[in-house]
Amino acid sequence: MRNDWAKYWRAPDRRLEVMHAHFEQHVYHRHSHETYSFGVTETGAQAFTCRGEGRTSAAGMVMALNPDDPHDGQSAVAAGFTYRMIHIGPELITDQLGDASERPAGLPLFTQPVLEDPVLANALRTLDTALQGESRLAQDEALAATVRALVRRGSTRPLRTRELPGEVSRAREILEASFAEDMRAEDLAAAAGCSRFALHRGFVAAYGMAPSDYQRQLRLRAARRLLADGHTPAQAAAAAGFADQSHLTRWFKRYYGVTPGRFQRP
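The shown structure was predicted, so the numbers you read here are calculated from the model rather than taken from an experiment. (Residues numbered from 1 in each chain as written. Predicted model: local features only at pLDDT ≥ 70, side-chain atom pairs only at ≥ 80, totals over all residues. Heavy atoms only, no water.)

Colleague: Would you take a moment to explain the pattern of salt bridges for this structure?
Modeller: If the charged atoms of two oppositely charged side chains come close together, the side chains can form a pair. Per the counting criterion, the structure on display carries 13 salt bridges. The salt bridge involving Arg84 is made with Glu42; its shortest N-O contact spans 2.8 Å. A residue pair is termed long-range when its members are at least 10 positions apart, and Arg84 in strand E9 (residues 81-88) and Glu42 in strand E4 (residues 36-43) qualify at 42 residues. Between Asp213 and Arg216 there is a salt bridge; the shortest N-O distance is 2.6 Å. Placement of both Asp213 and Arg216 in helix H7 (residues 211-228) is noted, with a separation of three residues, approximately one turn of the helix. With respect to burial, Asp213 and Arg216 carry one shared label: buried. A single salt-bridge network, built from bridges that share partners, covers Glu42, Arg84, Arg125 and Asp128. (Salt bridge = Lys/Arg side-chain N within 4 Å of Asp/Glu carboxyl O. Helix = DSSP H or I, 4+ residues; strand = E, 2+ residues; numbered from the N terminus. Buried < 20%, exposed > 50% of the residue type's maximum accessible area, 1.4 Å probe, protein only.)

Structure, rendered in structure tokens:
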């Protein structure tokens, strides 16, 4: 993976994160984000699956992913792809929309993960540039303009909470409360109140991944927060429930394209 690289930048309040990357060989493991994720493919093309369909984002196209949208990703061409991604916390989206409409706003839903829209692509580039060194006032203005443009041109209806079977919801709550614990499938199913098969089938249908993948993702998110707070990779691995630092490093790179140490460096 000699030609693969990725760089991260995080706002102090953690509600905004920017990634610039070029991948030729890296393959993302299926995962999702707590945030909205908006990206622009600058060169090449990225292939990924999202919402049960194969997608391709070529140069100039915009990717728009909702919170908890499971997806993977890899290069669709031999030369690889270069892209920038901006992760925006849901609370920032509602804050901007509420301010613009002067009333409480719900979360928007982006039904198309890939959009051909030069206006949105330029808006995201402008926001990215502002976040890398412009004044706070300029950053706030660019964020507001970008969110309004994204919602006006890319979303179709409010994002609503899915109605899920009680057992699936309970299993998710248990995993979120105890993600670092090494629990067995039968214990999770018993605590949720159903069979292992029913839980696995229902969980995959609801979240696009198995309970074990969801647990690992929670551990990785916790490790990211610890790393951003200045903890060492070894400390983050132990606190988040990984067997050791090498275990964390292996999965961290599969999900985020960089090692924990590289993630921490500016």
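Let's pick the thread back up.
Colleague: Looking at this structure, I do not really get helix H1 (residues 90-101). What am I missing?
Modeller: What sets the pattern is the α-helix's 3.6 residues per turn: residues three or four places apart point alike. Compared with an ideal rise of 1.5 Å per residue, which puts 12 residues at 16 Å, H1 spans 17 Å between its outermost C-alpha atoms and is within 8% of the ideal. Turning to H1, its buried residues number three or more, namely Pro90, Leu92, Ile93, Gln96, Leu97 and Gly98. Where H1 is buried, its residues contact strand E2 (16-23), E4, E9, strand E10 (108-109) and helix H3 (136-154). Once H1 ends, the next one or two residues include Glu102, with phi positive near 60°. (Expected span 1.5 Å × (residues − 1). Contact = heavy atoms within 4.5 Å.)

Colleague: Teacher, can you tell me more about the side chain of His29 here?
Modeller: Positionally, His29 belongs in strand E3 (residues 28-31). His29 sits in the buried class, given a relative accessible area of 17%. Ignoring anything within four residues of it in the chain, the contact list for His29 reads His71, Asp72, Asp213, Arg216, Trp251, Arg254 and Tyr255.

Colleague: Mind showing me how you'd approach the pairing of strand E1 (residues 5-10) here?
Modeller: Successive side chains on a regular strand alternate, one facing one side of the sheet and the next facing the other. With six bridges connecting them, E1 and E2 associate as antiparallel partners. Each bridged residue has a counterpart across the sheet, and for Arg10 the counterpart in E2 is Glu17. Counted between consecutive antiparallel strands, the loop separating E1 from E2 contains five residues, among which Arg14 sits at a positive phi close to 70°. (Pairing = 2+ DSSP bridges.)

Colleague: Quick question: what am I supposed to make of the layout of surface pockets here?
Modeller: In this structure, the largest pocket occupies an estimated 630 Å³ of space. As for the largest pocket, its lining consists of 33 residues, and the residues nearest its centre are Glu17, His33, Thr35, His87 and Arg224. Considering each element in turn, the lining of the largest pocket owes the most residues, four residues, to H7. (1 Å grid on protein atoms, 1.4 Å probe; cavity = no way out; pocket = protein on both sides within 12 Å on 5 of 7 lines; lining within 4 Å. Points joined across faces, edges and corners; volume = space filled by probe spheres on them.)

Colleague: Can you help me understand the sheet that holds strand E8 (residues 71-75) in this one?
Modeller: Two orientations exist for strands paired in a sheet by backbone hydrogen bonds: parallel and antiparallel. Spatially, E3-E8-E5-E6 is the arrangement adopted by the four strands of the open sheet, whose pairing is antiparallel. The sheet is open, and its two borders are formed by E3 and strand E6 (53-58), each paired with just one other strand. The mean inter-strand angle of the sheet, taken between neighbouring strand axes irrespective of direction, is 20°. Sheet topology note: the E3/E8 ladder contains two bridges and is antiparallel. (Axes fitted to C-alpha atoms, helices over the stretch in contact; angles between N-to-C directions.)

Colleague: Would you take a moment to explain the side chain of Gln46 for this structure?
Modeller: Tracing the chain through its elements places Gln46 in strand E5 (residues 45-50). The residues touching Gln46, leaving out its near neighbours within four places in the chain, are Tyr28, Arg55, Thr56, Ser57, Met63, Asp72, Gly73, Gln74, Ala76, Phe81 and Tyr83.

Colleague: Just to check I follow, could you spell out unusual backbone geometry for this structure?
Modeller: Across residues other than glycine, the phi torsion is negative in most instances, and most of the peptide bonds are trans. A positive phi angle, near 60°, is found at Arg51, a position not held by glycine. Locating Arg51 in the fold gives a position in the loop between E5 and E6. Overall, Arg51 belongs to the partly exposed group, its relative accessible area being 34%.

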